[in-house]
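Structural description and commentary
Below are the chains, spelled out letter by letter.
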There are 2 protein chains.
Amino acid sequence: MYRTHFVSEIGPELEGKEVEIAGWIFNVRDLGGKKFLLIRDKTGLGQAVLAKDSPSFSLANELSQESVVKVKGKVKADKRAPRGAEIHVEELELISKAKSPLPLDVTGKVKADLDTRLRERLLDLRREEMNAVIKIQSVAVKAFRETLYKKGFYEIFTPKLIATGTEGGAQLFTVIYFGKEAFLAQSPQLYKELMAGAVERVFEIAPAWRAEDSDTPYHLSEFVSMDVEMAFSDYNEVMHTLEDIISNILEKVRSECENELKALNYSLPEVRFPLKRITYSEALEILNGKGIDLKFGDDIGTPELRVLNEELKEDLYFVTDWPTLSRPFYTRAKNENSDLSESFDLIFRFLEIVSGSSRNYRREVLENALKARGLNPSSFEFFLRWFDYGMPPHAGFGMGLSRLMLMLTGLQNVKEIVPFPRDKKRLVP
Amino acid sequence: MYRTHFVSEIGPELEGKEVEIAGWIFNVRDLGGKKFLLIRDKTGLGQAVLAKDSPSFSLANELSQESVVKVKGKVKADKRAPRGAEIHVEELELISKAKSPLPLDVTGKVKADLDTRLRERLLDLRREEMNAVIKIQSVAVKAFRETLYKKGFYEIFTPKLIATGTEGGAQLFTVIYFGKEAFLAQSPQLYKELMAGAVERVFEIAPAWRAEDSDTPYHLSEFVSMDVEMAFSDYNEVMHTLEDIISNILEKVRSECENELKALNYSLPEVRFPLKRITYSEALEILNGKGIDLKFGDDIGTPELRVLNEELKEDLYFVTDWPTLSRPFYTRAKNENSDLSESFDLIFRFLEIVSGSSRNYRREVLENALKARGLNPSSFEFFLRWFDYGMPPHAGFGMGLSRLMLMLTGLQNVKEIVPFPRDKKRLVP
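Rules used in this analysis
Residues numbered from 1 in each chain as written. Chains lettered and ligands numbered in written order. Predicted model: local features only at pLDDT ≥ 70, side-chain atom pairs only at ≥ 80, totals over all residues. Heavy atoms only, no water. UniProt positions renumbered as here; feature names shortened; annotations may be inferred. Buried < 20%, exposed > 50% of the residue type's maximum accessible area, 1.4 Å probe, protein only. Helix = DSSP H or I, 4+ residues; strand = E, 2+ residues; numbered from the N terminus. Pairing = 2+ DSSP bridges. Salt bridge = Lys/Arg side-chain N within 4 Å of Asp/Glu carboxyl O. Contact = heavy atoms within 4.5 Å. Domains from an automatic or database assignment. Least-squares fit on C-alpha atoms with pLDDT ≥ 70 in both. Axes fitted to C-alpha atoms, helices over the stretch in contact; angles between N-to-C directions. Parallel < 35°, antiparallel > 145°, perpendicular 65-115°, else oblique. Left-handed = near helix turned anticlockwise from the far one by under 90°.

In the nomenclature of an unreviewed UniProt entry, chain A is known as Aspartate--tRNA(Asp/Asn) ligase of Sulfuracidifex tepidarius. Looking at the Subcellular location (unreviewed entry) heading of the UniProt record, one finds this comment for chain A: "Cytoplasm". According to UniProt, the comment filed for chain A under the heading Sequence similarities (unreviewed entry) is "Belongs to the class-II aminoacyl-tRNA synthetase family. Type 2 subfamily."

As structure tokens, this is what we get:
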């Protein structure tokens, strides 16, 4: 095989042992007639030393940055090397030579703008910071699932090719499906509701699409949506479930990604549970008190959320009980006041990262909700008809993975998070 | 909240305790002036008894099958009830009344054909067998990830909207992307290779699409692909990794889904590891020996694999070293004979459930491989250019989740597995 050890396993305790490592040339230094190769693999950086009399010495000149090599040799303890040991090279194989100069500096010393980084993305993803983002995301989705498995949820996969848009057809991408028109799902909303009507507790992590016209740091045409739906439940229980999920994610990222957070020079927000909850009406009052002119029914946008964040002095908080008509048709109104709904957004500072609600489960209520939004119930018959056959009360939420990742990495733009982001001008690489 | 207990928690040890359960009416029997309600929730069936003098007695006539109810009452031990206890109803709430008759029998007594089942799918998914399929799948994907986490793999999400088809454009669905043409990814192949070129070990579980014209029990237009890619590796190591994955999946389904396998009346195949490996050439010899006329380069189709399965007496086996030109352009040829490739299929009886290989990692080899297949390297420049910047040798595989599920459930058609399957004639529900 290609190696006996990862570079992070090379330490003084292996003194004298013959090992093989493989990785990318991070840099080559020439010192006192010896060549010092710094080699990167997925576990970090390790050092190999090439003596002047080595048969591979001449090959050292070929070792451009990011070339792939395999090194065989004996481990020698040396305090000056990473982890206190280096490999004295006996055999050096140049597996894949990289062109130079590189179009992007992988060591991170020379900064590049986002457009360049996204164009030269493979090299960008090899930077320590992007390695950290990829690992933190993997740990976060693992922690998300862990909490749900414990609570008896099943992971599901719902269709992405659909005949009707979830919320009425805006911003849908059209697919040519065997000569007919189909659409890419904006969210698994209606299908996850149906699945909850069969097996009660479900979640899904899958792509979703919106034809976003605008270019913001928080929107993409293709994004990963983390969805939860539970039967015999309401928005209060769902908020508790979400708190358990967020708490587990923060704990796992904190404990398993210490080096990655250091690489990003970022500290996770200190969050106290239960999270602060304020109603939409209370938020309006606070904002009105700060001289911001918002009326009932108006959306609370990013600039207003920034003010709210300052006033509340909380990094992570719920805004609940939104006006019914400002939410999608499947949102359940409150019993005591139908102008308000059993709904919530989870806000990180000034950014909505989760949106959830209790759902309507009576057919006639759903039909009226559709009409009230100018939508035609007959287009939703594929969904509505199931409400004739015993749909339980249910509730759930959808979380944007890359928005969550802004909270977990301190990055400012979801295009930095997603390895190959898709927007109006980007379909390649 | 809606309940204090799941029905599976109601047992004689709760004697005298007041509980609330919620679920679907499975059936109602009238015995000696009492009504016995069999109520289903996600944990199984439980019994509630309505006495003649109960204020809710008259409501019992409204309890059509699949209606959603909530029941409050005291637990009484009774050997004749499921789990030895029943609930003596004090309050009964009819939350959501189901129309009758139902278009599909949820108890499973009256069998329906697949078309009917897929049309009335929500009711079909409530059947015990389909509940079992959903749970087994959730346990299987969890076990798949578990093995990979342990080996240091990261979970990734690659783009599904792409500019060029992976294997040259056949069977792609077209998407109208901001007035331009884009495609739905047939597989994450090229992107997972790039990610392996950055962080070495990656996996992804995500939808993929093929415009399948034919109607078979093993093909869908939209399917879930489970993909693994690892750097500094080859097909032998990948086959070992896959064996570890399959072994863990079988173990976890066996131990966590005993009741579900019973509901499906199915026993998992007894599989010995390491799995049997035969080369393509050996397979051809065996088949030729049985009078089947196949020449080098011919595909080994389902009918031939049935014969092979009988001859080998193995439920699960690898066929390795396929002709290079019968595999996609990214497949690496063998050093000692470039007509053969470092490739494998994993076969369950007569069905390919996984396909994998060592991958090409030299640009000129990739360009030649594209040309040899009549493809134009310049269409793949977005992929090829990264091979100038240090791509390591790598290898991986793709597994079809619903094909794997045929092995785990004994079902015969992937359309039964997928809750809402998509094919040439199905886009709804």
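Residues and elements named next belong to chain B. Taking burial as the measure, the six residues of strand S14 (residues 343-348) include six buried ones, the bulk of the element. Across five bridges, strand S13 (residues 316-320) lies against S14 in antiparallel orientation. Its bridge partner lying in S14, leucine 316 is registered against phenylalanine 348. Strand direction decides the pairing type here: S14 and strand S15 (residues 351-359), joined by six bridges, are antiparallel. From the neighbouring strand, leucine 346 faces S15, where its bridge partner is valine 354. In this antiparallel pair of consecutive strands, S14 and S15, the connection spans two residues, and arginine 349 shows a positive phi of 55°.

Turning next to the pattern of salt bridges. Following the criterion strictly, the structure yields 90 salt bridges over all chains and no others. The salt bridge involving lysine 142 of chain A is made with glutamate 146 of chain A; its shortest N-O contact spans 3.9 Å. One end of the pair is lysine 142 of chain A and the other is glutamate 146 of chain A, both in helix H3 (residues 128-150) and four residues apart, which spans about a single turn. On the basis of relative accessible area, lysine 142 of chain A is assigned to the partly exposed category, the value being 24%. Looking at glutamate 146 of chain A, the relative accessible area reads 22%, which means it is partly exposed. Between lysine 70 of chain B and glutamate 20 of chain B there is a salt bridge, with its nearest N and O atoms 3.2 Å apart. In this pair, lysine 70 of chain B is assigned in strand S4 (residues 68-77) and glutamate 20 of chain B in strand S1 (residues 18-31), connecting sequence segments 50 residues apart. Both residues of the pair, lysine 70 of chain B and glutamate 20 of chain B, count as buried. If you follow the salt bridges from partner to partner, you end up with Arg117, Arg121, Asp124, Arg127, Glu129 and Glu416 of chain A in one network.

Residue and element names in this part refer to chain A. In the numbering used here, UniProt assigns the feature "binding site: Mg(2+) 3" (unreviewed entry) to Glu352. Along the chain, glutamate 352 turns up in strand S15 (residues 351-359). For glutamate 352, a relative accessible area of 30% puts it in the partly exposed group. Residues contacting glutamate 352, with those up to four places away along its chain left out, are Asp345, Leu346, Ile347 and Arg403.

Turning our attention to the domain arrangement of chain A. Annotation of chain A at the domain level lists domain 1 (7-96) and domain 2 (123-417). Each of domain 1 of chain A and domain 2 of chain A was reduced to a C-alpha centroid, and the two centroids are 47 Å apart.

With an RMSD of 0.0 Å, the fit of chain A onto chain B corresponds to turning through 180° and sliding 0.0 Å along the axis. Accordingly, the operation relating the two chain copies is best matched by a two-fold axis. Ranked by how close their C-alpha atoms come to the rotation axis, the residues of chain A are headed by valine 175 of chain A, at 2.2 Å. In this assembly the copies share their binding face: 100% of the residues contributing to the interface of chain A also contribute to that of chain B.

Note on backbone geometry: most residues besides glycine have negative phi, and most peptide bonds are trans. Cis geometry is found at the peptide bond from serine 100 of chain B to proline 101 of chain B, where omega equals 0°. Mapped onto the elements of the fold, proline 101 of chain B is located in the loop between strand S5 (85-96) and helix H1 (114-119). That bond from valine 428 of chain B to proline 429 of chain B is cis: its omega, 0°, falls within 30 degrees of zero. If you trace the backbone, proline 429 of chain B turns up in the segment after helix H12 (414-417). Even without being glycine, aspartate 321 of chain A reaches a positive phi, approximately 60°. Structurally, aspartate 321 of chain A is set in the loop between strand S13 (316-320) and strand S14 (343-348). Classification of aspartate 321 of chain A as buried rests on a relative accessible area of 9%. Even without glycine at this site, glutamate 200 of chain B takes up a positive phi of about 75°. Structurally, glutamate 200 of chain B can be placed in the loop between helix H4 (189-199) and strand S10 (201-209).

For the rest of this paragraph, the subject is the packing of H3 of chain A against helix H11 (residues 401-409) of chain A. Residue and element names in this part refer to chain A. The contact between H3 and H11 brings their axes to 10 Å, and the two run at 115°. Relative to H11, the element H3 is oriented roughly perpendicular. Here H3 and H11 pass one another in a crossing that is right-handed. Listed contacts from H11 to Val133, Ile136, Gln137, Ala140 and Val141 of H3 are Leu401, Met405, Leu408 and Thr409.

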